[in-house]
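Geometric and topological summary
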Amino acid sequence: MTVLAPEAVPARPPVPYRVAERTRETPDTSTIVLEPLRAALPPFSPGQFAMVYAFGVGDIPLSVSRIEETRFAHTVRTVGAVSGRIHRLETGATVGVRGPFGVGWDLSAAVGRDLLVVAGGLGLAPLRPLITAALADPRLYGRLNVLIGARSPGDLCYGAERERWRAAGAGVLTTVDRPDDTWRGDVGVVTGLLNRAAFDPGQAAAFLCGPEVMMRATARELVRRGAAPERIQLSLERTMHCGTGHCGHCQLGPLLLCRDGPVIDWTAAEPLLNVREL
Ligand SMILES: Cc1cc2nc3c(=O)[nH]c(=O)nc-3n(C[C@H](O)[C@H](O)[C@H](O)COP(=O)(O)OP(=O)(O)OC[C@H]3O[C@@H](n4cnc5c(N)ncnc54)[C@H](O)[C@@H]3O)c2cc1C
């Protein structure tokens, strides 16, 4: 299988990938595993994203939610035309993919430290390959805690995998805003789980993804508990089109988030997060 040189990727048209597997996570969210039809793109790192083109509809940025050798997965939630089309794709369908784009999670910053992963809703998707990587090499890190918040029990993804994370030694806590009659877990915002997670804020490395209000609240609470702002990483979403730092749609202050992000640390993010997207 041919692998394209990374510097050649941005100028190239989308590369065809086939939907090899499809899992319906919730009524409006699916995970698709993509495999190359011909040449594969260069490998993705956890936290990076691709521009995924649904032919005849358009392309959107999607984070990689699983990384294999030449295959990778996206978990997509329907919010509009393109995400809806990708959510409905059946096994065997073809999409066009450009990437890998952006700066992913810096897991090396967590070596020798407790890891705290905090996800809101579909924010768990870009964090999933980070959790997989940390569990693959547990001797490198301290305790791993994964705190997950969702709107309702029906919005929680990766049920079987969350059990595997627990079985592998991770502390996995979930909370929902709106419980149903069967829910036995926590209720309320994800920051409410911090008291129950076994980690040392003073030395931990934190990785956050979800709604900005949730990431702001979590980062501030971690700093209040003694966490170092530069060891809090978060993934930011802005409208993106080119993925290569040219069109400017994803500008946030001095940053072009498709190129300089989407993962940045709290020292860079805090002063920028009150800037609204145009
Ligand atoms: C780096 C990055 C990674 C992403 N990863 C994922 C992922 O793994 N899975 C996933 O489902 N989605 C992800 N998204 C969001 C996804 O790109 C948008 O949902 C998608 O672009 C919507 O396109 P659409 O044509 O379906 O809907 P549109 O018609 O474009 O939009 C429908 C509605 O969604 C809102 N919307 C559009 N884009 C965004 C956005 N980026 N953030 C918040 N609201 C938005 C619009 O304002 C509108 O209200 C990511 C976005 C970025 C920037």
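Criteria and cut-off values
Residues numbered from 1 in each chain as written. Predicted model: local features only at pLDDT ≥ 70, side-chain atom pairs only at ≥ 80, totals over all residues. Heavy atoms only, no water. Core = buried A, V, L, I, M, F, W, Y, C linked by side-chain atoms within 4.5 Å. Buried < 20%, exposed > 50% of the residue type's maximum accessible area, 1.4 Å probe, protein only. Helix = DSSP H or I, 4+ residues; strand = E, 2+ residues; numbered from the N terminus. Domains from an automatic or database assignment. Contact = heavy atoms within 4.5 Å. Buried area = accessible area lost by both parts, 1.4 Å probe. Salt bridge = Lys/Arg side-chain N within 4 Å of Asp/Glu carboxyl O. Polar contact = N/O pair within 3.5 Å; in protein donor to acceptor, adjacent residues only side chain to side chain. Pairing = 2+ DSSP bridges. Axes fitted to C-alpha atoms, helices over the stretch in contact; angles between N-to-C directions. Near = heavy atom within 4 Å. Nonpolar A, V, L, I, M, F, W, Y, C, P; charged D, E, K, R; others polar. UniProt positions renumbered as here; feature names shortened; annotations may be inferred.

- Within an unreviewed UniProt entry, the label attached to the protein reads FAD/NAD(P)-binding protein, and the organism entered is Streptomyces ovatisporus.

**A few points about the nonpolar core**
- Leu116, Leu147, Leu208, Leu222, Ile232, Leu234 and Leu236 are the most contacted members of the largest nonpolar core, which totals 35 residues.
- Looking at this core, the elements with two or more residues in it are β3 (49-54), β8 (115-120), β12 (205-209), α4 (212-224), β13 (232-235), β15 (255-256), α5 (257-260) and α6 (266-269).
- With 4 residues, α4 is the single largest residue contributor to this core.
- Counting the residues that make up this core, at least three belong to each of domain 1 (6-101) and domain 2 (107-272).
- Beyond its immediate chain neighbours, meaning those up to four positions away, Leu234 contacts Trp105, Leu208, Met215, Pro262, Val263, Ile264, Asp265, Trp266, Ala269 and Leu273.

**Things to note about the domain arrangement of the protein**
- Structurally, the protein comprises domain 1 (6-101) and domain 2 (107-272).
- Using only C-alpha atoms to locate each centre, domain 1 and domain 2 end up separated by 22 Å.
- Contact with domain 1, which involves 22 residues of that partner, is made by 20 residues of domain 2.
- In this assembly, domain 1 packs against domain 2 so that about 1700 Å² is buried in total across both faces, 59% of it on carbon and sulfur atoms.
- It is Phe49, Ser65 and Arg77 in domain 1 that bury the most area against domain 2; as a group they hold 29% of the surface buried on that side.
- Where domain 1 meets domain 2, there are 0 salt bridges.
- There are 3 residue pairs in polar contact (both at pLDDT 80 or more) connecting domain 1 and domain 2.
- When contributions to the side of domain 1 that touches domain 2 are tallied by element, the ones reaching two or more residues are β1 (15-26), β2 (29-36), β3, β4 (58-63), β5 (66-67), β6 (72-77) and β7 (94-101).

**Overview of the environment of Thr91**
- Here Thr91 shows up in the loop between α1 (81-88) and β7.
- Once the C-alpha coordinates of Thr91 and Tyr53 are considered, the two residues, 38 residues apart in sequence, prove to be 16 Å apart.
- Excluding its chain neighbours within four sequence positions, the residues that come into contact with Thr91 are Arg18, Val19, Ala20, Glu21 and Arg22.

**Notes on the sheet that holds β4**
- Taken together, 7 strands build an open sheet; the order of strands is β4-β3-β7-β1-β2-β6-β5 and the sheet is antiparallel. Each edge of the open sheet carries a strand with a single partner, namely β4 and β5.
- Note: β1 against β2, 8 bridges, orientation antiparallel. Paired with Glu21 across the bridge in β2 is Val33.
- Lying over the sheet, α1 contacts β1, β2, β3, β4 and β6, oriented at roughly 70 degrees with respect to β4.

**Observations concerning the site of the ligand**
- Taken together, 17 residues lie around the ligand, and Pro61, Thr75, Arg77, Ser83 and Glu237 are the ones closest in.
- One nitrogen or oxygen atom from the main chain of Ser63 is found 3.1 Å from a nitrogen atom belonging to the ligand.
- Separating an oxygen atom of the ligand from a side-chain N or O atom of Ser83 is a distance of 2.5 Å.
- Mapped onto the shell around the ligand, the elements with two or more residues apiece are β4, β6 and α1.
- In terms of residue count, β4 provides more of the shell around the ligand than any other element does, 4 residues in total.
- Looking at the shell around the ligand, its residues break down into 10 nonpolar, 4 polar and 3 charged.

**Focus: the UniProt feature "domain: FAD-binding FR-type" (unreviewed entry) in the protein**
- In the numbering used here, UniProt assigns the feature "domain: FAD-binding FR-type" (unreviewed entry) to residues 12-107.
- As annotated, residues 12-107 comprises 8% helix and 50% strand, and the C-alpha atoms at either end are separated by 29 Å.

**Points about the pattern of salt bridges**
- The final tally for this structure, using the stated rule, is 16 salt bridges.
- The residue Asp28 makes a salt bridge to Arg77 at a minimum N-O spacing of 3.8 Å. Here the residue Asp28 occupies a position in the loop between β1 and β2, and Arg77 occupies one in strand β6, the gap between them amounting to 49 residues.
- Of the residues examined, Asp28 reaches a relative accessible area of 25% and is grouped as partly exposed.
- Given the relative accessible area of 18%, Arg77 is considered buried.
- Salt-bridge contacts for Asp114 lead to Arg143; the nearest nitrogen and oxygen are separated by 2.7 Å. Of the two residues, Asp114 sits in the loop between β7 and β8 while Arg143 sits in the loop between α2 (124-136) and β9 (144-150), which places them 29 residues apart along the sequence.
- Residue Asp114 is classed as buried on the basis of its relative accessible area of 3%.

**Thoughts on the pairing of β1**
- Pairing of β1 with β7, which is carried by 4 bridges, proceeds in the antiparallel orientation. Looking at β7, one finds that Pro16 is bridged to Gly96.
- Taken together, β1 and the strand that follows it, β2, pair antiparallel across an intervening segment of 2 residues.

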